[in-house]
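Chain residues, written in single-letter form:
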Amino acid sequence: MRCSNTAVRVLLSVLFLCVTPWLGASRAEAAINALALGAKYDATQSNITFKVYSSRATRIEVWIYKTPSGAQQVAKYVLSKNASTHVWTSTVSTATLKNTYGVTGTVFYGYRAWGPNWPYSSSWVKGSGTGFITDIDNSGNRFNPNKLLLDPYAVEISHDPNTATCADGTIYASGAAHRNKDSGTCAPKGLVLAANTSSVGTRPTRALKDDVIYEVHVRGLTMNDTSVVASKRGTYAGAATKAAYLAGLGITAVEFLPIQETQNDTNDVDPNSTSGDNYWGYMTLNYFAPDRRYSSDKTAGGPTREWKAMVKAFHDVGIKVLVDVVYNHTGEGGAWGGSDGLTVYNLQSFRGLDNPTYYSLTADLKYSWDNTGVGGNYNTRNTTAQNLIVDSLAYWRDTLGVDGFRFDLASVLGNTCQHGCFNFDKMDSGNALNRIVNELPPRPAAGGSGIDLIAEPWAIGGNSYQVGGFPTGWAEWNGKYRDDLRKKQNQLGVEVVTTGTLATRFAGSSDLYGDDGRKPWHSVNLMVAHDGFTLADLYTYNSKQNNQPWPYGPSDGGEDHNISWDQAGIAVDQRKAARTGLAFLMLSAGVPMITGGDEFLRTQFGNNNVYNLDSAANWLLWSLDSNDVNHQTFTRRLIQFRNAHPSLRPLNFYSGIDNNGNVMEQLRWFKPDGAQADAAYFNSSSNHAIAWRIDGTELGDSASAIYIAYNGWSGNVNFSLPWPGTGKNWYRVTDTATWNEGPNAVNLPGSEAWIGGEGTVYGVQGRSLLLLIAK
């Protein structure tokens, strides 16, 4: 994840003393998952039970509203605390709500909480400072009863904190200038909903190793698609209409950027500006609620119903649904800037209920501890905070039908300490990473029930860069695969990437995943992702172009070291590079991921940090020219080739020996002259061409052998082809060279071009890739 460089950073340079984590959680804390937090109807919908956790509050009230915004509460109830579980509870009769308070429709609610820094006083009224002692005390408490708090376990929320009619964000703030501002009429409320039992269809059980992942924004997928009914564009219902298209492309898993509730209602306040906009959604307000903005049905329960219908549409064509989740920080953010930075924080939910439980703080418990760049770490080493993560994931799996998750800045979930430090340790059995695996079992290697767990294996600072360092059960975005292959393609003569390193990446990165019992499919291979250039832009721009006017920008931040190259401005070479980059992904061991629109050369016009760009220039554009269509066909056929050949999707790392007596090793590496590549060749920085042959007969493949040659040099290189097997010849599936561009750049099965047998010399164009099969 990347976002604004202007986001507040918390100065931590003098605070290195680690505070001992709560390793010995009580049985009551460990059992809190069974306590059904949130607001729930009973079986007859005669009563609503409200349950919320706070270990430090001294009083909590639930306030009931008939409408979500612009009106005062109609009722309020004091909750009772269970001293052993720290769960506060109140049960309310729906008949009383109807007959006494006139609540006949959806019940909207929020909490107000008092604590040691602001004890309860019977004379307190909204908008007053009665009872106030301090905004932040020595125990890290930040209670403020003037701030209506969103239930962390609400399954839907009414609206975002800021809207067109409630634009003043200071109503949620603490500090001398803001602490007495009441947020009740504008604050988002939880909705009390009956359980939803609609179907999500038959869940795919496909092994992760057999997946091709398509990362996309649910809004951006269809906002520009005129084939979708206008009212459904940019919604879950709109996304459902693309299921057949993605299945036809060969995609087996769609990975949506964050769809849990975030502040984005204000994106439409000024539709011609990026000011204050949040398009990507990496500022989560609530971990259970599908974002209402992405639902065409905005009635109570509508987002939940429409989300599940979309999931079913993808499941019906065999596509998994994965979601990008953000448990490393929340949408409450960090300290406000200015002279009063210590006391001014947003109080919207977690922080106002139990700040030291839900957030990692500095050693003095005054400030947020930040490894995220956007305000402060979620306290992933606290058992109660972990409960929320596990409960949320289980809800999205069991109720909303999700098949797997990609975890943003996932290293934060490997933190061993709560306050005063950061330390990633995959061996810590009590960290959130290991707890997730233990309580939400990953999908077995060969497929079946379970979830797919994918980490973004880095954060900011400390020992947070952990590519290859995650515990058992976790797949990872392989940032080293991305960087090494970009360097070889785009930085010839500038960066050194040996053929040995290329071979390691093409074969599943055993240096990263083979030393701890993990497999090649724990490497999610990517050339690009949402945060950075698109595939086409990677080969079209030498540097980011983020300061363009609307609708192309402006966007602050963004990576300066993109390892990109515009191919000297030659369009045909730019398209060749895109084909080659895509071929890397589809022919490597591991799990390939492309971003939405890469199949037809989508551009962001050089903007590499479009986190704030909710515009037609950033949404996928479905009006394609002939070059776009050709690349789309190339992508579809190459994905289909991968899906048809299990030897490209190995369960284990390739073996270098002959395992079935057919005189062909399972995998052999070749120099261009046809000799076997040895250590001297692999390690020399002067070599730029490598080839490999896979014995399909050992891996259940319909092709007896597959041969791939990559020429990373700028000029042509002749490759002497190896033995294809007894009675076989080599046939060309594709060559990414410029001369082979067009609608049939990838030959369909049965129409592959005959090349010849052992010793045949084939000239591979500079920076191009060749794919052959034996027939």
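Conventions we followed
- Residues numbered from 1 in each chain as written.
- Predicted model: local features only at pLDDT ≥ 70, side-chain atom pairs only at ≥ 80, totals over all residues.
- Heavy atoms only, no water.
- Pairing = 2+ DSSP bridges.
- Helix = DSSP H or I, 4+ residues; strand = E, 2+ residues; numbered from the N terminus.
- Phe/Tyr/Trp six-rings, centres within 6.5 Å; stacked < 30°, edge-to-face > 60°.
- Buried < 20%, exposed > 50% of the residue type's maximum accessible area, 1.4 Å probe, protein only.
- Lys NZ or Arg CZ within 6 Å of the ring centre and 35° of its normal.
- Salt bridge = Lys/Arg side-chain N within 4 Å of Asp/Glu carboxyl O.
- Contact = heavy atoms within 4.5 Å.

Chemist: Describe in detail the sheet that holds strand β2 (residues 47-53), supporting the description with residues and values.
Modeler: Here four strands make up an open sheet; going across it, the order is β1-β2-β6-β5 and the pairing antiparallel. The open sheet has two edge strands, β1 (38-41) and β5 (80-81), and neither has a second partner. Pairing geometry for β5 and strand β6 (residues 87-93), over two bridges, is antiparallel. Bridge pairing in β6 links Lys81 to Trp88.

Chemist: Go over the packing of aromatic side chains with me, naming the residues and quoting the values.
Modeler: The final tally for this structure, using the stated rule, is 38 aromatic pairs. When the ring of Tyr327 is compared with that of Phe407, the centres are 6.2 Å apart and the planes differ by 40°; the resulting orientation is tilted. Note that Tyr327 is positioned in the loop between β11 (320-325) and α6 (350-358) and Phe407 in strand β12 (residues 404-407), a separation of 80 residues in sequence. Looking at Tyr327, the relative accessible area reads 1%, which means it is buried. Among the aromatic side chains, those forming a connected cluster through ring pairs are Tyr287, Tyr327, Phe350, Tyr358, Tyr378, Phe405, Phe407, Phe424, Phe470 and Trp474. A cation over an aromatic ring shows up here: Arg351 above the ring of Tyr359, its NZ or CZ 4.5 Å from the ring centre. Directly above the ring of Tyr731 sits Lys775, whose terminal nitrogen or CZ lies 5.1 Å from the centroid.

Chemist: Which residues make up the pairing of strand β7 (residues 108-114), and what values go with them?
Modeler: Consecutive side chains of a regular strand alternate in pointing toward one face of the sheet and then the other. Here β7 lies mainly inside the structure; seven of its seven residues are buried. Taking every second residue as pointing to the same face, both faces of β7 are buried, with Phe108, Gly110, Arg112 and Trp114 on one and Tyr109, Tyr111 and Ala113 on the other. Alignment of strand β3 (residues 59-65) against β7, held across seven bridges, turns out to be antiparallel. Bridging across to β7, Val62 finds its partner in Tyr111. Across two bridges, the pairing between β7 and strand β8 (residues 190-191) is antiparallel. Across the sheet, Tyr109 pairs through a bridge with Gly190, a residue of β8.

Chemist: How would you summarise the pattern of salt bridges if you had to cite specific residues and measurements?
Modeler: Evaluated as defined, the whole model comprises 37 salt bridges. When salt bridges that share partners are traced, they join Arg206, Asp211, Lys320, Arg443 and Asp452 into one network.

Chemist: Tell me about the environment of Leu97, residues and numbers included.
Modeler: Here Leu97 lies in helix α2 (residues 94-101). The class for Leu97 is buried, based on a relative accessible area of 1%. Dropping the residues within four chain positions of it, Leu97 is found in contact with Ile48, Ile64, Tyr77, Val92, Gly102, Val103 and Val107.

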